[in-house]
Amino acid sequence: MPGNTPQSIFEKLWNSHHILTDEGESLMYVDVALAQENTLHAFTALEKANRKVLHPQQIFAFTDHYVPTTGRARGPAGIPDTGIRNMVIDMQDMARKYGVTLFGMDHEHQGIMHIVPPEQGIIQPGLFVIGNDSHTSTHGAFGCLAYGVGASEFAHVMATQALWQRKPKSMRITIDGRLGFGVSAKDVILALIAKIGVDGATGYAMEYAGSTISALSMEGRMTICNMSIEAGGRVGLIAPDDKTYAYVEGRPYAPKCRAWQQALDGWRALVTDAGTQFDKEVSLDASAIAPTATWGVSPEQALPVTGVVPDPASIKDDKKRSEYETALEYMALRPGMGLQDIKLDRVFIGSCTNGRIEDLRAAAEVAQHGKAVVPTWVVPGSMSVMRQAEAEGLDKVFIKAGFEWRDPGCSMCTAINGDYLQPGERCASTSNRNFRNRQGPGGRTHLVSPAMAAAAAIKGHLTDVREMLR
Ligand code: SF4
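Owing to the predicted nature of the structure, the values given are computational and were not obtained by experimental measurement.

Basis of the calculations
Residues numbered from 1 in each chain as written. Predicted model: local features only at pLDDT ≥ 70, side-chain atom pairs only at ≥ 80, totals over all residues. Axes fitted to C-alpha atoms, helices over the stretch in contact; angles between N-to-C directions. Helix = DSSP H or I, 4+ residues; strand = E, 2+ residues; numbered from the N terminus. Parallel < 35°, antiparallel > 145°, perpendicular 65-115°, else oblique. Left-handed = near helix turned anticlockwise from the far one by under 90°. Contact = placed C-beta atoms within 7 Å. Nonpolar A, V, L, I, M, F, W, Y, C, P; charged D, E, K, R; others polar. Near = placed C-beta within 6 Å. Domains from an automatic or database assignment. Buried ≥ 20, exposed ≤ 12 C-beta atoms within 10 Å, placed from the backbone. Pairing = 2+ DSSP bridges.

With respect to the packing of helix 6 (residues 185-196) against helix 8 (residues 218-226)
1) Next: At their nearest, the axes of helix 6 and helix 8 sit 8 Å apart, and the two run at 25° to each other. In this view, helix 6 runs roughly parallel relative to helix 8, as classed from their interaxial angle. Considering how the two elements wind past one another, helix 6 and helix 8 form a crossing that is right-handed. Of helix 8, the residues touching helix 6 (which contributes Ala 185, Lys 186, Val 188 and Ile 189) are Gly 220, Thr 223 and Ile 224.
2) Next: Here the residues of the contact of helix 6 with helix 8 are counted per class, giving four nonpolar, two polar and one charged.

What follows is the structure, encoded as structure tokens:
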């Protein structure tokens, strides 16, 4: 490649981790690998092959998907369901056996695999991070190449610290404009996915740019990158800046003293050069985005909360019309009804999309305006988030408003820890997927921001949080 060819951050990250190319695939060096309970299958594969973990200090394991969010005094031994208990215990045993760093169920920093690593400074600009979970894209918010892989790829990384990958194409999403009152990063990413579709970024590495992205906090940027996978993107990333460095500085795994200065010098080069050509460009006007909610069974089936449920009869495309019809049938909704007329049975505030301290602050601000009329759970993303929230008195705000304050974990995002909706129950959720059965067999999910979820809890139906805050 000619030396003066302008490069995107993605190109720079790819090139700096590339080892060799063979038959169109690149062997890539991996800096950090994130495991969760389901990674047990990767450990078992290593065990069967009688292999070691090559660099255990670069592998981090978390108990998040299966841990209960109440009644944890007895640790893993106290988990009532045998299958769930064994997943947690077996993975923790494997992590110890192979010497990888374990943030286990009893760890003071236990939490979700996409919340704890940034908190601990494990995630730093310029890294190639892989995780055994598709929302590993979250870490692109720090200017990392980050994405999810399956258990067999994870086993390969543990054995070799490298991974064969096909290079995605590049895509830039430029989001400019000031966010309106009551509008958050969650609304931005839902609006983007509604615009480009769930396959709008399939095969691409997404780079977010523009004044809206620059103005977002690191928490907001993580929310955006987290849901890139819901638009089909393999990678979602944002150029690191002073906000990124300030977030990382001083955290336990962050470089210190001279190493910090050296790291900063390298990180400052992680910008997209002027004149870089992307394979695809998309733009979005952030000032036009309203608080948003999904009505269907895919994150692209989202609308401003002031809108009405669409009528499939108005859709010309046969495939899309059929998708709308089956979505409405599953969600038990009528075309033309207002989104704000959708009554709820439950509200869930948490997940790796919206379980950070900023999210809980936004929800608590709204919770001060009334009392929940439907069961509402607040599940912090980590023990650190939980302690910070309690230090700020947010737990008391939630409890006073009738919300339930629970222990950290994935909980009702994926509903495999025993927290799930009953068949037919309808939930406003701050998580990232509203697929059929995602929150429990027959459960119906409406994705919203933390503030919108808290407002919905108080009203008992989807509602425009701006009205409540005004
Ligand atoms: S919160 Fe949900 S999306 Fe995030 S890591 Fe857990 S299960 Fe996966």
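Some remarks on the site of the ligand
1) Next: Taken together, 14 residues form the shell around the ligand, and within it Ser 351, Cys 352, Cys 410, Cys 413 and Thr 414 come nearest.
2) Next: Residues belonging to the shell around the ligand are distributed by class as follows: five nonpolar, seven polar and two charged.
3) Next: Counting contributing residues per domain, the shell around the ligand is built from domain 1 (12-165) and domain 3 (293-469), each supplying no fewer than three.

What about the pairing of strand 1 (residues 18-22)?
1) Next: The buried count for strand 1 comes to zero of five residues, which makes it a mostly uncovered element.
2) Next: Sheet topology places strand 1 next to strand 2 (residues 25-29); four bridges connect them, and they run antiparallel. The residue of strand 2 that forms the bridge with Leu 20 is Leu 27.
3) Next: From the end of strand 1 to the start of strand 2, which pair antiparallel, there are two residues, and Glu 23 there has a positive phi angle of about 50°.

Topic: the sheet that holds strand 8 (residues 162-165)
1) Next: A sheet is described by the order of its strands in space; here three strands give the open sequence 1-2-8, paired in antiparallel fashion. At either end of the open sheet lies a strand with only one pairing partner, and these are strand 1 and strand 8. Put simply, the sheet's adjacent strands are angled 20° from each other on average, direction ignored.

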